[in-house]
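# Structure assessment
So you can see what is in the structure, the chains are spelled out below.
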Amino acid sequence: MRILTHNMLMCNVKKCNMQGYPLKIVPSQVETVENEFNPEFIAHMIPKLDWNGVISAAADLNITNLPPTIPAGAASDETFLRSLHGLLLDITIVDGQLVCKNCGRSYKVSGGIPNMLLNEDEV
Amino acid sequence: LFQRIMKFRFILYADIDKLQHRIPELEAIFDMYGISATIDPVSPDHPYVDIDLPSEADAIRVAQRAVLVRLVIEKYGEGTTHEECIADAAANFARFEPYSNENVSFKFEVDAFGRKFQVPEQRAILNPYIAGLGFKGKVQLNDPDYTFTVYVDCGLPSAREALPMKSVFFGRKLCLGARANWFKYSLKTRKFIGPTSMDAEWAAIGANQAQARRGCVVFDPFAGTGSLLIACAALGATVIGGDRDVRIIRGKASDRNMFANFRQYALPMPEILILDSSVPSFRTAPLFDAIIADPPYGVRAGARRTGSKAAKSKPVLEEHKDTHIPQSVVYSLVDILADLLQLAARSMRMGGRLVYWLPALVSFTEAEFPSHPSLTRVAASYQGLTRNWGRFLVTMVKTQEYQPDFQPIVPKSRYEQYFVACEAGDTD
């Protein structure tokens, strides 16, 4: 799971009522694989991102140099787009947990695939 | 201001199960490129469609995406006889003078709907065209600069030879459609497939309806072996897939799972999630440019969602939580569709496209289509699978921002009822 995807995911326990966002990443194995840099794609993604979610994910991975808000002119700032690309697409959470800060429910990530299934007693 | 209009004839494939899909595919591609064009609907057995465009580049761009376009011709003349066609083309000489003057090479060929011509017949047809249209360039059979075609329409193929000509047109061959691009994705040579894998050409038609392209994010909530995601990724989209079934996602071995398919075609890896479409796992925001789905609608090998038949299910013990496989209950087609439309309304951008296959009885009526206040249905084309039922490829565009009180409306599925009745032995 990459941070791009993490940015979209929320806790799906009903009582969290869509408040379980962002999920805390508790990584046990992280890989970095470089992907082709596509500035248009990253620029296109900026308005879709929840920036607090990006900061939260980065902090969980001990990356703390992110600006508190999306800087003005970000879409045409290549240095910024490159670092954002690195964070969103190059880092993969291979194994670990995603933990809801609201209800404490934990979702396992295994082999790069998060398991968002609830158990029958939770739906 | 004078803008030159070029007249193109898009020759369409006539696969019996794809006839209804041809015009929607063209419309989706024109819309994706922002090229305005009037595409007149044609009857199902019609072999071509005429489209006027300001440039050749537009026609080529569209054809290079269209699976159901066989080739594109810039049309100069037509008639019910060769004499009429030649006279019509001669009046448009200025349109093809640049491709026929002394500085270029060309060749002529004869093509036909409904019959084939032997070489001597072809020569007899072509000679008056070459003589009558003032071609000054050099004839070159191998790799000429331009190829001109006399296209004879003898109607639908028939067992009898030499049907009389209905009409004829003349023009310059521009390019082929996109079908050949998809041969390498054939299921026959794909590493990992399952019983519900979607044929590569059908997946490509779906991806065109979804307007999958570089820069966009496409989500498939019933990803299975990845057929639809592969088509979208091949067109440049970034793809995310979900499925409830861990076994399908992980596959049998590292070289026999969905990821192996992406590696086989050298496509960027998809993001894959294990999730249940009956509970929302994505935040409400414009995350996706398109959602594409071939929902599991087999009644026998029915779809499942997490749940318990018991009124109140027993809690899963803490020590079992890591290995527990959630119980599941039948996930009805009506619920699948309601959840799918709601997902699209909540998590797709405005203008984004929801593309899905909808099983239907042959007697299906307009009122049976699912609807949602946020979504507008722009296309639905039927493909018969048996005498009694088939499936629609449905395309909906998000046209209204999602409001928390918006709900999908999904009429009872007569398809599902029919199969439940079959199961019970009530029908044949």
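Quick note: structure is the one above.
So, here is what we can say about the structure in this document. (Residues numbered from 1 in each chain as written. Chains lettered and ligands numbered in written order. Predicted model: local features only at pLDDT ≥ 70, side-chain atom pairs only at ≥ 80, totals over all residues. Heavy atoms only, no water.)

### Overview of the sheet that holds strand 1 (residues 24-32) of chain A
The strands making up a sheet associate through backbone hydrogen bonding, with each pair oriented either parallel or antiparallel. Residue and element names in this part refer to chain A. The test is simple: For two strands to pair, DSSP has to find at least two bridges joining them. Helix numbers and strand numbers start at the N terminus; a helix is a DSSP run of H or I with at least 4 residues, a strand a run of E with at least 2.
Pairing is antiparallel across the open sheet formed by 4 strands, whose spatial order is 1-2-3-4. One side of each edge strand has no neighbouring strand; the edge strands of this open sheet are strand 1 and strand 4 (113-114). Of the pairings in the sheet, the one linking strand 3 (residues 106-110) to strand 4 comprises 2 bridges and is antiparallel in character. Bridge pairing in strand 4 places Ser 110 opposite Ile 113.

### Remarks on the side chain of Ser 374 of chain B
To keep it simple, the criterion reads: Any two residues having at least one pair of non-hydrogen atoms within 4.5 Å are treated as being in contact.
Tracing the chain through its elements places Ser 374 of chain B in the loop between strand 14 (348-361) and strand 15 (375-384). In contact with Ser 374 of chain B, not counting residues within four places along its chain, are Ala 345, Val 397, Lys 398, Thr 399, Gln 400, Glu 401, Tyr 402 and Phe 406 of chain B.

### Some remarks on the sheet that holds strand 1 (residues 6-12) of chain B
Residue and element names in this part refer to chain B. Condition: For helices, the fitted line uses only the C-alpha atoms of the stretch in contact; every axis is such a line through C-alpha atoms, and the angle between N-to-C directions lies from 0 to 180 degrees.
Spatial ordering of the open sheet is given by 2-1-3-7-6-4-5, a layout of 7 strands whose pairing is mixed. Looking at which strands have only one partner, the edges of the open sheet turn out to be strand 2 (48-53) and strand 5 (138-139). Most of the contacts of helix 1 (residues 22-33) go to strand 2, to which it runs at about 20 degrees, and overall it touches strand 1, strand 2 and strand 3 (69-79). The sheet strands contacting helix 2 (residues 56-63) are strand 1, strand 2, strand 3 and strand 7 (167-176), and the helix crosses strand 7 at an angle near 75 degrees.

### Notes on the interface of chain A and chain B
Note the following rule: Once two parts are brought into contact, the accessible area they lose, counted with a 1.4 Å probe and summed over both, makes up the buried area. Here, a salt bridge means any Lys or Arg side-chain nitrogen found within 4 Å of an Asp or Glu carboxyl oxygen. Here a polar contact is recorded for every N or O atom pair within 3.5 Å, except that within protein the pair must consist of a potential hydrogen donor and a potential acceptor, and residues adjacent in sequence are included only if both atoms are side-chain atoms.
Taken residue by residue, the interface counts 33 residues in chain A and 40 residues in chain B. Across the interface of chain A and chain B, roughly 3,200 Å² is buried in total on both sides, 56% from carbon and sulfur atoms. The interface formed by chain A and chain B contains 3 salt bridges. At the junction of chain A with chain B, the criterion picks out 18 residue pairs in polar contact (both at pLDDT 80 or more).

### Here's the deal with the packing of aromatic side chains
Residue and element names in this part refer to chain B. To keep it simple, the criterion reads: Between rings of Phe, Tyr and Trp, where Trp is taken as its six-membered ring, a pair exists when centres lie within 6.5 Å; planes separated by under 30 degrees are stacked, by over 60 edge-to-face, and by other angles tilted. Relative accessible area decides the class of each residue, using a 1.4 Å probe on protein chains only: under 20% of the type maximum gives buried, over 50% gives exposed, and in between gives partly exposed.
This model, assessed by the stated rule, comprises 37 aromatic pairs over all chains. Ring geometry for Tyr 151 against Phe 169: centres 5.0 Å apart, planes inclined by 5 degrees, an arrangement best described as stacked. Of the two residues, Tyr 151 sits in strand 6 (residues 146-153) while Phe 169 sits in strand 7, which places them 18 residues apart along the sequence. Summarising the aromatic geometry, the rings of Phe 369 and Phe 392 are spaced 5.1 Å apart at their centres and angled 70 degrees between planes, so their arrangement reads as edge-to-face. Residue Phe 369 is located in the loop between strand 14 and strand 15, and its partner Phe 392 is located in strand 16 (residues 389-398); the two are separated by 23 residues in the primary sequence. Judged by relative accessible area, which is 7%, Phe 369 ranks as buried.

### Some points on the nonpolar core
Let me state the cut-off plainly: As used here, the term nonpolar core means buried Ala, Val, Leu, Ile, Met, Phe, Trp, Tyr and Cys residues forming a set that is joined through side-chain atoms within 4.5 Å.
Core analysis: the biggest nonpolar cluster contains 77 residues, and Leu 98 of chain A together with Phe 282, Phe 288, Ile 291, Leu 354 and Tyr 356 of chain B have the highest contact counts within it. Sort the elements by how many residues they give to this core and helix 10 (residues 333-347) of chain B lands first, with 8 residues. Each residue touching Leu 98 of chain A, except ones within four places of it in the same chain, is listed here: Met 1, His 6, Leu 9, Leu 23, Lys 24, Ile 25, Arg 105, Ser 106, Tyr 107, Val 109, Pro 114 and Met 116 of chain A. Among the nonpolar cores identified, the runner-up in size contains 44 residues, and Ile 51, Ala 66, Phe 108 and Ile 125 of chain B belong to it.

### Looking at the pairing of strand 6 of chain B
Residue and element names in this part refer to chain B. When you tally the buried positions in strand 6, you get 7 out of 8 residues, the bulk of the element. As judged from the 8 bridges shared by strand 4 (residues 105-113) and strand 6, these two strands associate in the parallel manner. Note on strand 6: the bridge partner recorded for Ala 112 is Val 152.

### Quick word on the pairing of strand 4 of chain B
One face of the sheet, then the other: side chains in a regular strand alternate in exactly this way. Residues and elements named next belong to chain B. Among the 9 residues in strand 4, 7 count as buried, and that is most of the element. One ladder, built from 2 bridges, connects strand 4 with strand 5; its direction is parallel. When the bridges of strand 5 are listed, Ser 105 appears paired with Lys 138.

### Considerations on helix 5 (residues 119-132) of chain B
All names here are of chain B. Applicable threshold: Expected span, for any helix, means 1.5 Å times one less than how many residues it has.
The end-to-end C-alpha separation of helix 5 is 20 Å, in line with the 20 Å expected for 14 residues at 1.5 Å each. Along helix 5, the residues classified as buried are Ile 125, Leu 126 and Tyr 129. Buried residues along helix 5 sit in contact with helix 3 (82-91), strand 4, strand 6 and strand 7. Just downstream of helix 5, Gly 134 is the residue with a positive phi angle, here 65 degrees.

### Considerations on the pattern of salt bridges
Taken as a whole, this structure holds 27 salt bridges over all chains when the rule is applied. Among the ionic pairs, Glu 78 of chain A bridges to Arg 82 of chain A, the shortest N-O distance being 3.0 Å. Pair noted here: Glu 78 of chain A and Arg 82 of chain A are both in helix 4 (residues 78-90), with a separation of 4 residues, about one helical turn. Classification of Glu 78 of chain A as partly exposed rests on a relative accessible area of 45%. Taking the relative accessible area as the measure of exposure, Arg 82 of chain A reaches 47% and is therefore partly exposed. Through salt bridges with shared partners, a single network forms among Arg 9, Asp 50, Lys 75 and Glu 78 of chain B.

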